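What the coordinates show
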Amino acid sequence: MQVIVERILVSYVSALQGVAVTWHIPHRFSKQMALKSELVNLGVKIANPSSTAGVIDIMKDFQRYCPTKETGELHTILCNGDGLSIERMIGAKRSRARTPTPASRLDGVYPAPQEFYKEGILLQDIMNEMFTQTSIADRRTLYQIKEFFNHKSVKKYVMENFQHVWDLLKTKKEIWFSVATLTAMDPGFTSLVSTHLCNICRQETGIAVRLASLPLDIFIAHAKNTQRKT
């Protein structure tokens, strides 16, 4: 979280531009992920993916590419798919659960949803809990921000407008991290720029860059005036 906040502030707060931040978070697989991937086409498997028998046949074919340990155990590999495909693969594995060998139980293939679908599920949970039309008059709610920044394409069902929902949440996150930081620097900042924020917001189309940088100039001028008075 700290790295994400640093990136936002350096990108959108003009006084912090040029400050060194971490753009890539190192992890134990950084070296491997820096290498170019080699894609291999496994061809087309003639089977019915809507039936349990067909899914078992497909998973058996995938499992042929699983490496085998010296003990005879299979190395597990991920098999990505959408929500319905994952459900069918789990059902296929359950139907083979009492078979005697790891290969017959399809232990080498592990069904896993793609990141896109996992993100969609998480975003849908957020929208279900926090995105309601009755909150349109409540300040700082998702629906009020949607109307305020003219995000007209945003709908509650995420998979119908994934990118629009993503942009709305990203805009809110970047704006409020920037404003919260400036407020922490000077508690009088929020009340000072509230009128300016309203004027700026109505002129913008959801872009957080100008919203975060323009109040900073106001804040700096206010800080200088305060220093002169003291």
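Structure shown above.
Figured I'd write up the structure that's included with this text. Positions within a chain are numbered from 1, following the residues in the order the chain's sequence is written. Residues qualify for local features only when their pLDDT is at least 70, as the model is predicted, and side-chain atom pairs are given and counted only at 80 or more; totals for whole chains, interfaces and linings, by contrast, use all residues. As a convention, hydrogens and water are excluded, and side-chain values are obtained from all of the structure's heavy atoms.

Points about the pattern of salt bridges
- For this document, the term salt bridge refers to a Lys or Arg side-chain nitrogen within 4 Å of an Asp or Glu carboxyl oxygen. Per the stated rule, a full pass over the model turns up six salt bridges.
- Note that Lys-118 and Glu-115 form a salt bridge whose closest N and O atoms lie 3.1 Å from each other. Taken as a pair, Lys-118 and Glu-115 lie in helix α5 (residues 115-130) at a separation of three residues, close to a single helical turn.
- For Lys-118, a relative accessible area of 36% translates into the label partly exposed. What counts as a helix is a DSSP run of H or I of at least four residues, what counts as a strand is a run of E of at least two, and both are numbered from the N terminus. With a 1.4 Å probe rolled over the protein chains alone, any residue whose accessible area is under 20% of its type maximum counts as buried; one over 50% counts as exposed, and the rest are partly exposed.

Comments concerning the packing of aromatic side chains
- Two rings from Phe, Tyr or Trp (for Trp, the six-membered ring) form a pair when their centres sit within 6.5 Å of each other. Planes less than 30 degrees apart are called stacked, planes more than 60 degrees apart edge-to-face, and all others tilted. A complete count under the given rule lists five aromatic pairs for this structure.
- Aromatic pair Phe-116 and Tyr-117: ring centres 5.3 Å apart, planes at 80°, arrangement edge-to-face.
- When the centroid spacing of 4.7 Å and the interplanar angle of 35° are considered together, the rings of Phe-131 and Tyr-143 count as tilted. Here Tyr-143 lies in helix α6 (residues 142-148) and Phe-131 lies in the loop between α5 and α6, a separation of 12 residues in the sequence. Each member of the pair, Phe-131 as well as Tyr-143, carries the same accessibility label: buried.
- Through pairs of rings, three or more aromatic residues link up here, namely Phe-116, Tyr-117, Phe-162 and Trp-166.

Section: unusual backbone geometry
- Of note, the phi angle at Leu-106 is positive, near 60°, even though the residue is not glycine.
- Inspection of the secondary structure assignment puts Leu-106 in the loop between α4 (83-95) and β2 (109-113).
- Judged by relative accessible area, which is 0%, Leu-106 ranks as buried.
- Look at Asn-150: it is not a glycine, yet its phi comes out positive at around 65°.
- Following the sequence through the fold, Asn-150 ends up in the loop between α6 and α7 (162-185).
- Of the residues examined, Asn-150 reaches a relative accessible area of 44% and is grouped as partly exposed.

As for the nonpolar core
- Take the buried residues of types Ala, Val, Leu, Ile, Met, Phe, Trp, Tyr and Cys, join any two whose side-chain atoms come within 4.5 Å, and each joined set is a nonpolar core. Counting 15 residues, the largest nonpolar core has Met-127, Phe-131, Val-154, Val-158 and Val-165 as the members making the most contacts within it.
- Of all elements in the fold, only α5, α6 and α7 reach the threshold of two or more residues within this core.
- A per-element tally of this core places α7 first, with six residues.
- Dropping the residues within four chain positions of it, Phe-131 is found in contact with Ile-126, Leu-142, Tyr-143, Lys-146, Val-154, Lys-155, Lys-156 and Leu-168.
- Of all hydrophobic cores here, the second largest spans nine residues; its members include Ile-56, Cys-79, Leu-106 and Val-109. Note on contacts: a residue pair qualifies if any of its non-hydrogen atoms lie within 4.5 Å across the two residues.

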